[in-house]
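The lines below spell out each chain.
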Amino acid sequence: MNKYVAVLKEEMLPAMGCTEPICLAYAAAKAREVLGLMPEKVIVLASGNIIKNVKSVIVPNTDGQKGIQASVAAGIVAGDAGKALEVIANVTSLQKEKIRDYMAVTPIELRHANCKDQLDVTIIVENGNHSAEVRIVKYHTNIVTIKKDGEFILKNEVSDTEEKSFTDRTFLTVDGIVGFADTVDIEDVRDLMELQVKYNMAIAEEGLKNKWGANIGGILLKYCGNDVRTKARAYAAAGSDARMNGCEMPVVINSGSGNQGMTVCLPIVVYAREYKIPEERMLRALVVSNLIAVHLKTPIGRLSAYCGAVSAGCAAACGIAYMLEGTCEAVSQTLSNSIAIASGIVCDGAKASCAAKISASVDAGLIGYEMYKEGRRFANGDGLVGNNVEKTIENIGLLGSVGMKETDSEIIDIMVNN
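Residues numbered from 1 in each chain as written. Predicted model: local features only at pLDDT ≥ 70, side-chain atom pairs only at ≥ 80, totals over all residues. Heavy atoms only, no water.

Visitor: Describe in detail the overall build of the protein chain, supporting the description with residues and values.
Guide: When helices and strands are tallied, the protein chain shows 16 helices and eight strands. Taken against the 2.2 N^0.38 rule, which gives 22 Å for 418 residues, the C-alpha radius of gyration of the protein chain at 21 Å falls within 12% of a compact globule. By principal-axis analysis of the C-alpha atoms, the protein chain measures approximately 70 × 45 × 45 Å. The buried share of the protein chain, taken over its 418 residues, is 59%. Each charge class in the protein chain was averaged separately, 43 positive and 50 negative side chains, and the resulting centres sit 3 Å apart. (Helix = DSSP H or I, 4+ residues; strand = E, 2+ residues; numbered from the N terminus. Rg over C-alpha atoms; globule rule 2.2 N^0.38 Å. Buried < 20%, exposed > 50% of the residue type's maximum accessible area, 1.4 Å probe, protein only. Lys, Arg positive; Asp, Glu negative; His and termini not counted. Charge placed at Lys NZ, Arg CZ, Asp CG, Glu CD.)

Visitor: I'd like a description of the pattern of salt bridges, backed by residues and values.
Guide: Across all of its chains, the model carries 19 salt bridges by this definition. Note that Asp120 and Arg135 form a salt bridge whose closest N and O atoms lie 2.7 Å from each other. You can see Asp120 sitting in strand β4 (residues 120-127) and its partner Arg135 sitting in strand β5 (residues 130-137), a full 15 residues away along the chain. Look at Asp120 and you get buried, because its relative accessible area is 4%. With a closest N to O distance of 2.7 Å, Glu370 and Arg229 form a salt bridge. Residue Glu370 is found in helix α14 (residues 354-373), and its partner Arg229 is found in helix α9 (residues 228-244); the two are separated by 141 residues along the sequence. Exposure remark for Glu370: the relative accessible area of 32% places this residue in the partly exposed category. Each of Glu187, Arg190, Glu194 and Glu279 takes part in a single network of salt bridges with overlapping partners. (Salt bridge = Lys/Arg side-chain N within 4 Å of Asp/Glu carboxyl O.)

Visitor: How would you explain the layout of surface pockets if you had to name every residue and give the values?
Guide: Remark: the empty space left among the atoms is shown by a probe the size of a water molecule rolled over them. Space inside the largest pocket adds up to approximately 670 Å³. Listed by contribution, the elements that provide at least two residues to the lining of the largest pocket are α3 (48-54), α15 (389-403) and α16 (405-417). Of all the elements, α16 adds the most residues to the lining of the largest pocket, at five residues. For the lining of the largest pocket, the class distribution of residues is nine nonpolar, 13 polar and nine charged. (1 Å grid on protein atoms, 1.4 Å probe; cavity = no way out; pocket = protein on both sides within 12 Å on 5 of 7 lines; lining within 4 Å. Points joined across faces, edges and corners; volume = space filled by probe spheres on them. Nonpolar A, V, L, I, M, F, W, Y, C, P; charged D, E, K, R; others polar.)

Visitor: Any details on the packing of helix α11 (residues 279-297) against helix α13 (residues 328-342)? Residues and values, ideally.
Guide: Closest axis-to-axis distance for the α11/α13 pair is 13 Å, and the angle between their directions is 50 degrees. Classified by the angle their axes make, α11 and α13 are oblique. Of the two elements, α11 crosses α13, and the hand of that crossing is right-handed. From α11, Val288, Ile292 and Leu296 reach across to α13, where they touch Val331, Leu335 and Ile339. (Axes fitted to C-alpha atoms, helices over the stretch in contact; angles between N-to-C directions. Parallel < 35°, antiparallel > 145°, perpendicular 65-115°, else oblique. Left-handed = near helix turned anticlockwise from the far one by under 90°. Contact = heavy atoms within 4.5 Å.)

Visitor: Kindly report on the packing of aromatic side chains, identifying the contributing residues and their values.
Guide: Inspection of the entire model under this criterion finds four aromatic pairs. When the centroid spacing of 4.9 Å and the interplanar angle of 75 degrees are considered together, the rings of Tyr4 and Phe171 count as edge-to-face. Here Tyr4 is found in helix α1 (residues 2-11), whereas its partner Phe171 is found in the loop between β7 (151-155) and α6 (174-183), with 167 residues between them in sequence. Looking at Phe171, the relative accessible area reads 21%, which means it is partly exposed. Judged by centre distance (6.0 Å) and plane angle (20 degrees), the ring pair of Tyr271 and Tyr275 falls under stacked. Exposure remark for Tyr271: the relative accessible area of 5% places this residue in the buried category. Here a set of aromatic residues connected by ring pairs shows up, and it is made of Tyr4, Phe171 and Phe180. (Phe/Tyr/Trp six-rings, centres within 6.5 Å; stacked < 30°, edge-to-face > 60°.)

Here you go:
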């Protein structure tokens, strides 16, 4: 029980803005704090996946600025490193002006780092003869190195084991997740789940109201109707529309991603309200969806060419299956069916089109659930489908972590040179 709760607490964090730009802002804010002076020059060393996921997304609280330079400048000028993933949540109007001015006069040099980790960021800041350096590796707040004037203040080993300080996720199974959701004292997880519903519904409603980004949510409701199935897709898409386009509202993330945090949550809330599901039952379904998403993402890794919205959309459908059917069989078959449909979607960075990919992934998840209700399923050997749900998850993990490495490199090369 304690392990499951620990995983939820580690994964379900509030964050302001897309997590890769916020990672850069956090590292930059920490580097400036260590330097103790306003940097006159900045060097950014970033892995390809960081470059990919920051290039096209609007950084919140920057008046619409995009990309790496804006992320770093926001962290340096207005960041509070003590707030981690909410590092630029409280930027004033005056500071927004200062961010623009700082970007105009300060060289912020980007270098594509030759590194093995998909998430690897180093910020070097200089003022006269003084310098500071901060490095983050593997996950968005994991500072492994801090230097000042060439001397180490912090030096942690970059382990080959992913996220060593986190709870080991290898104990996760679909059967265990469902059993935990059935039996956990709901008060042990209520605050996490209620905050996720509060934050993520608020930004989804904002996305629908003010037509952020590509307005995928609004388009779905206009052309596909107002039934519960369409609303589930529209709300998840609308949250992403707002978040990817600079909306200054927080979300509760999953697997290091705000888009994934919204996707595992919003369809379940929509279905719960439509079917008048008791709140506690909805919260237990959110436990299932959040943990299924983590289980799917663990073998893939936080950043890859495999679109995380797929895992999250399928996990949301698993939560709906649990909420309406209440069995492990329903969850397992929904997961195997849905993941077989949408596992080919690639990640080409954080941007407006993420909302459309989320819509497609939630749709695949719901088809997987509807197949279960009709007694239909994809069989062992149908592509990546294994002889049980855990084998299917293992196969998807190999696809995302090993099979798509070359795809990831090609996507990054295209984006860096575009």
